[in-house]
Amino acid sequence: MKGIRIIGVGNEMAGDDAVGPAVIEALRGRALPECVELICAGADALGVLEYLEDDVSVVIVDAARMARAPGNVLTFPAANAKVNIVADAWSLHGIGLAHVLKLAEQMRLPARVTIVGIEPASVQPGQGMSLAVVAAIPKAVDSVESIVRSECEAACAAPAPRRS
Amino acid sequence: MTTEKTFDINVHHVTRVEGHGNIVVNVKNGKLEKCELAIVEAPRFFEAFLRGRSWKEAALITSRICGICSPGHQLTSLKATEDAMGIKVSEQTLLLRKLMVAGSFLQSHVLHVYFLVSPDLVGQPSVIPLASSMPDVVKRALKLKKLSNDICDVVGGRAVHPITMIPGGFTKIPAADDLKKLRDRIVEAIPDIIATVELVAALAGKLPNFTRETEYISLGGGNGEFPLYDGQICSSDAGLTPDKNYRKMTNERVVRHSSSKHTAVNRSSYMVGALARCNNNAGKFNATGKKAAAALGYTAPCFNPYFNNVCQVIECGQIVEDALGWIDKLLATGLKEEPVSVKPRAGTGVGCTEVPRGILYHEYTYDDNGMVVDANCIIPTGQNLANIDEDMKKLVPEMIDAGKSKDDITFALEMLVRAYDPCISCSVHLLDVQFVE
């Protein structure tokens, strides 16, 4: 299946956790190939699971605690990182992306997931992101676009399968 | 007897419930000294936020009490405002609102049963190990979740914190085509509901065999339909009473160990939620509800609080059949735009509906300009807290006498709290990443 799904995850009322949806908003103003679908999942991380059920390339943009300075942007395949499930978070409100990635792995869902993580300064309740994270949005957008460029070559430019 | 005669259980932040609650148990020389569910969440102050706000905003503000029950809070709020201002709604509005209730119940029940309860029944710490052994079961849960979200989306404009519902009616009604598509998808989902009943029926034997009769309070009365949106307050002890009397049917009081108030009516506690609804309204089950109840071994009245989860599954069947009926009625009559014009006026009104976790009350007093002067919201989880404490006080001594270990008792208590599906707060999600070097 063709296509690239870019999914922003995060609670817009939890400080820098808003960065995932903010990057999706910034991407809406960019010229992207038709095979790209922009999805804002907000705080509904569980809703991300259904987008992983197809054999597509998925880019998840989210605030991630990666032991870097606030505003650092890192791109990595989900399979290469050990995403820790923060204890006690299992509830309908609290199903986080970590659970979802683990579930996808256990269910052997076919999507190839790349994460664009942005190191937050604070995810305390309240609206508004820190300066470091706001300043990182263009870099996160660049990172997504560079994935789109390389994936698009693979996804869109691939010769149509020969009919037998 | 247990090997240990003196022990304490402190479950700090019970998992797989919404929000933060601690189980505290002290046993000395085989005798229970203390046993309670301590609620440690901060109060939310929504009633105070509402004061000075407009009648147009009340439902939008109270929707934010909960991300899962947002349609339920809106509907209850709208009913309270309409009651205060003498607004009557059309049959079309009523049916569309009931569809919202259906979507909201289905979503909450499906996720609770599949993701939070089923791990207990198969002896797993969470749903994650189930995902590898039974991926189709998790996929089924997600499919049902998507359907229920889409029901709320089509009717309410979006799945969480809907935007089309206002006092008196709707700002936008769904297109007939969208309702027809929804109908087809609900029909397609019936095998998934049957599979859910079968799955839980196969595991229901794992539910602890514990009973404690209590007072069961839910909506009752009405027109013969299983009441979720309208009706009167029904108590298994005292029968029907109008929703105006809700304060006498709750009696909120402050307790030392909980930041949430406790309630009681005719006994030291009462229960709300799926078990209370089914116990009070089993005579109103439709064919699907009856079939599900029979398959799951439920007969009313049932005094085992762990059966609340079984009743959630019965309600899924019940709701799906009712929702099809409501859509058919809407399509048969033909959907039409109904302009809403409301003149705000002073008054006090009560709204009462069922939400997935039990009966919910909102009461507002408005001034001449339609500004909120006073507000009161009584949430189901708060109403269940005293009952959870009472269940624990009976369960722990029974398990001590049966020689159960501290671990067994702890597990049974956590499972009990989860059976009530308590909804204590909302939380932040953040990825915590370590790189594989």
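Residues numbered from 1 in each chain as written. Chains lettered and ligands numbered in written order. Predicted model: local features only at pLDDT ≥ 70, side-chain atom pairs only at ≥ 80, totals over all residues.

Trainee: What's the story with the nonpolar core in this structure? I'm lost.
Mentor: One recurring pattern in soluble globular proteins is that nonpolar side chains are buried together. Counting residues in hydrophobic clusters, the biggest one holds 173 residues, and the most contacted among them are A:Val23, A:Val48, A:Ile60, A:Val61, A:Ala140, A:Val144 and B:Leu99. Excluding residues within four positions of it along the chain, A:Val144 makes contact with A:Ile6, A:Val23, A:Leu27, A:Val59, A:Val61 and A:Val116. (Core = buried A, V, L, I, M, F, W, Y, C linked by C-beta atoms within 7 Å. Buried ≥ 20, exposed ≤ 12 C-beta atoms within 10 Å, placed from the backbone. Contact = placed C-beta atoms within 7 Å.)

Trainee: Just to check I follow, could you spell out helix α10 (residues 308-333) of chain B for this structure?
Mentor: Helical geometry: 3.6 residues make up each α-helical turn, so side chains three or four residues apart lie on a common side. Residue and element names in this part refer to chain B. Look at α10: 36 Å from first C-alpha to last across 26 residues, which is about the 38 Å you get at 1.5 Å a residue. The buried fraction of α10 amounts to 19 of the 26 residues, a majority that puts the element mostly inside the structure. Count one or two residues on from α10 and you reach Gly334, which has phi positive near 90°. (Helix = DSSP H or I, 4+ residues; strand = E, 2+ residues; numbered from the N terminus. Expected span 1.5 Å × (residues − 1).)

Trainee: I'm lost on the pairing of strand β3 (residues 57-65) of chain A in this one. Help?
Mentor: Successive side chains on a regular strand alternate, one facing one side of the sheet and the next facing the other. Residue and element names in this part refer to chain A. Of all 9 residues that make up β3, 8 are buried, and the element is covered over most of its length. Both strand β1 (residues 4-9) and β3 contribute to a ladder of 5 bridges, which runs parallel. Paired with Ile7 across the strands is Ile60, a residue of β3. With 7 bridges connecting them, β3 and strand β6 (residues 112-118) associate as parallel partners. Following the sheet pairing, Val61 is matched in β6 by Val116. (Pairing = 2+ DSSP bridges.)

Trainee: What exactly am I supposed to notice about the sheet that holds strand β3 (residues 31-39) of chain B here?
Mentor: The strands making up a sheet associate through hydrogen bonds between their backbones, and the pairing can be parallel or antiparallel. Residues and elements named next belong to chain B. Read from one edge to the other, the open sheet built from 3 strands follows the order β1-β2-β3, with strand pairing classed as antiparallel. The open sheet terminates on both sides in strands that have one partner only, identified here as β1 (7-11) and β3. Going across the sheet, the axis of each strand differs from the next one's by a mean of 5°, ignoring polarity. Pairing analysis gives 5 bridges linking β1 to strand β2 (residues 21-28), with the strands arranged antiparallel. Looking at the pairing, Val11 lines up with Ile23 of β2. Its contacts with the sheet place helix α11 (residues 380-401) against β2 and β3, and it is angled at close to 150° to β3. Across the sheet, helix α12 (residues 406-419) touches β1, β2 and β3, and the angle it forms with β1 is around 35°. (Axes fitted to C-alpha atoms, helices over the stretch in contact; angles between N-to-C directions.)

Trainee: Looking at this structure, I do not really get the confidence of the model for chain A. What am I missing?
Mentor: All names here are of chain A. The pLDDT averaged across chain A works out to 85; a share of 87% of its residues lies at or above 70. The least confident element of chain A, judged by mean pLDDT, is strand β5 (residues 81-84) at 72; the most confident is helix α1 (residues 19-28) at 96. pLDDT under 50 marks residues 160-164. Its contacts with residues more than four places away, or in other chains, come to 0 contacts. (pLDDT = per-residue confidence, 0-100.)

Trainee: So what exactly am I meant to see when it comes to the sheet that holds strand β8 (residues 239-241) of chain B here?
Mentor: All names here are of chain B. Taken in spatial order, the 4 strands make up an open sheet running β8-β7-β6-β9, and their pairing is mixed. Looking at the sheet topology across the chains shown, the edges are occupied by β8 and β9 (270-271). Here strand β6 (residues 215-220) runs beside strand β7 (residues 232-235); their pairing, made up of 4 bridges, is antiparallel. Counterpart to Gly220 in the pairing with β7 is Gln232. Of the strands in this sheet, β6, β7 and β9 touch helix α8 (residues 274-281), which is tilted by about 75° from β6.

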